[in-house]
Amino acid sequence: MSRRRAFALPTIVIVALIFAVMLTVMIERNTAQVLLTHRQYESYTFSHATRGVGEAVDAWIRSNQSRPIADALGPDGWAFDLEAEGGSTVRVYLHDGQGLALAELAGLRADALDSGVEILRALRDLHPDRASRLVRREGPLAVSVNAAPPEVLEAVVDSVMAGSGTRDIIAELTAGRAGRALDDEGLTRILDASHADGDAKPRLKALLTASPILWRVEAQARSRATGVVGDRFAAWAVISRGSRTGADRSAAVQRTVSVFGWEKTEDR
């Protein structure tokens, strides 16, 4: 009798272990399936929501054809509110995204490539501790004079002036944008009045702009019933004007819009 018990005990243990392993595998499979379903749902809702906001941004831009983008924005860059499904409102903001130095230089012409390299070199030499946080990977080479931090503005000007008159030009630009944003005429007036000589003035005019085409789009949903803030998303938008043609004078105010690179960001 004792031999049968001795034989039965290991068998029971083995069966229990097999059952435990099978149960673990089943739980893991179920968990993986739940996670996969959740990811698919999030991907679908993310794609659906961002596509809708992107289309709304496009429509808003086109409804403001005759106005500079900056003039059409409200406080803190507020553009418009979008009434969404499920009883929520999506508040959309646009911010000048061209204030940092361009770090992705692939595809630039030879002269523009050289200028881009010089700006990055000046930024690294003047502000080595912050240089990596003062660059962007999207948009054109020109830097927005109104959105550029002082360090970037200094790097752009110094990449052309090499220290000779850099401070004077920066002081004029800083004073010019202090009260309100500089426009194209104001920027040109400051650069024309500067002591930059030779090809320095046209180079500065090519590297600084008061009409950025790269914008940062931010969107955040809020429940109309409870006021609870939902996920926050951001994307890049390239907003450029068409060219004027003899056959169609209205082309001068038509804009092309490209919204790309949507991502979920941290809440404020």
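Refer to the structure above for everything that follows.
Residues numbered from 1 in each chain as written. Predicted model: local features only at pLDDT ≥ 70, side-chain atom pairs only at ≥ 80, totals over all residues. Heavy atoms only, no water.

Asker: What should I look at first to understand the environment of Asp71 in this one?
Answerer: For Asp71, the location among the structural elements is in helix H2 (residues 69–72). A sequence separation of 110 residues divides Asp71 from Ala181, and the C-alpha atoms of the two residues are 9.8 Å apart. (Helix = DSSP H or I, 4+ residues; strand = E, 2+ residues; numbered from the N terminus.)

Asker: Can you help me understand helix H5 (residues 166–176) in this one?
Answerer: In an α-helix, one turn spans 3.6 residues, which is why side chains three or four residues apart end up on the same side. Turning to H5, its buried residues number three or more, namely Thr166, Ile169, Ile170 and Leu173. Angularly, the buried residues of H5 cover 100 degrees about the axis, an arc narrow enough to put them on a single face. Facing away from the buried side of H5 by more than 90 degrees, the exposed set consists of Arg167, Asp168 and Ala175. Buried positions along H5 lie against helix H4 (150–161), helix H6 (184–193), helix H7 (200–207) and strand S6 (208–209). (Buried < 20%, exposed > 50% of the residue type's maximum accessible area, 1.4 Å probe, protein only. Arc of directions from axis to C-beta. Contact = heavy atoms within 4.5 Å.)

Asker: I'm lost on the sheet that holds strand S7 (residues 214–223) in this one. Help?
Answerer: Backbone-to-backbone hydrogen bonds pair the strands of a sheet. The strands run either parallel or antiparallel. Taken together, 5 strands build an open sheet; the order of strands is S1-S2-S7-S8-S9 and the sheet is antiparallel. Both outer strands of the open sheet, strand S1 (78–84) and strand S9 (255–265), are each paired with one neighbouring strand and no more. If you compare each strand with its neighbour and ignore which way they point, the axes differ by 25 degrees on average. In the sheet, S7 pairs with strand S8 (residues 229–241) via 8 bridges, with the strands oriented antiparallel. Across the sheet, residue Gln220 finds its bridge partner in S8, namely Arg232. (Pairing = 2+ DSSP bridges. Axes fitted to C-alpha atoms, helices over the stretch in contact; angles between N-to-C directions.)

Asker: So what exactly am I meant to see when it comes to H4 here?
Answerer: With 12 residues, H4 ought to run about 16 Å at 1.5 Å a step, and its terminal C-alpha atoms sit 16 Å apart, in line with that. With 10 of its 12 residues buried, H4 lies for the most part within the structure. Taken together, the buried positions of H4 are Glu151, Val152, Leu153, Ala155, Val156, Val157, Asp158, Ser159, Val160 and Met161. Elements in contact with the buried residues of H4: strand S3 (101–102), helix H3 (110–126), strand S5 (143–144), H5, H7 and S6. Directly beyond the C-terminal end of H4, a positive phi value near 55 degrees is found at Ala162. (Expected span 1.5 Å × (residues − 1).)

Asker: Hey, could you run me through the nonpolar core in this one?
Answerer: One recurring pattern in soluble globular proteins: nonpolar side chains tend to sit buried together. Val157, Met161, Ile169, Leu173 and Leu204 are the most contacted members of the largest nonpolar core, which totals 33 residues. Residue assignment for this core shows that the elements contributing at least two residues are S3, H3, H4, H5, H6 and H7. Here Val157 is in contact with Thr166, Ile169, Ile170, Leu173, Leu204 and Leu208, once residues within four sequence places are set aside. Ranked by size, the runner-up nonpolar core spans 22 residues in total, among them Trp60, Ile69, Leu94 and Ile239. (Core = buried A, V, L, I, M, F, W, Y, C linked by side-chain atoms within 4.5 Å.)

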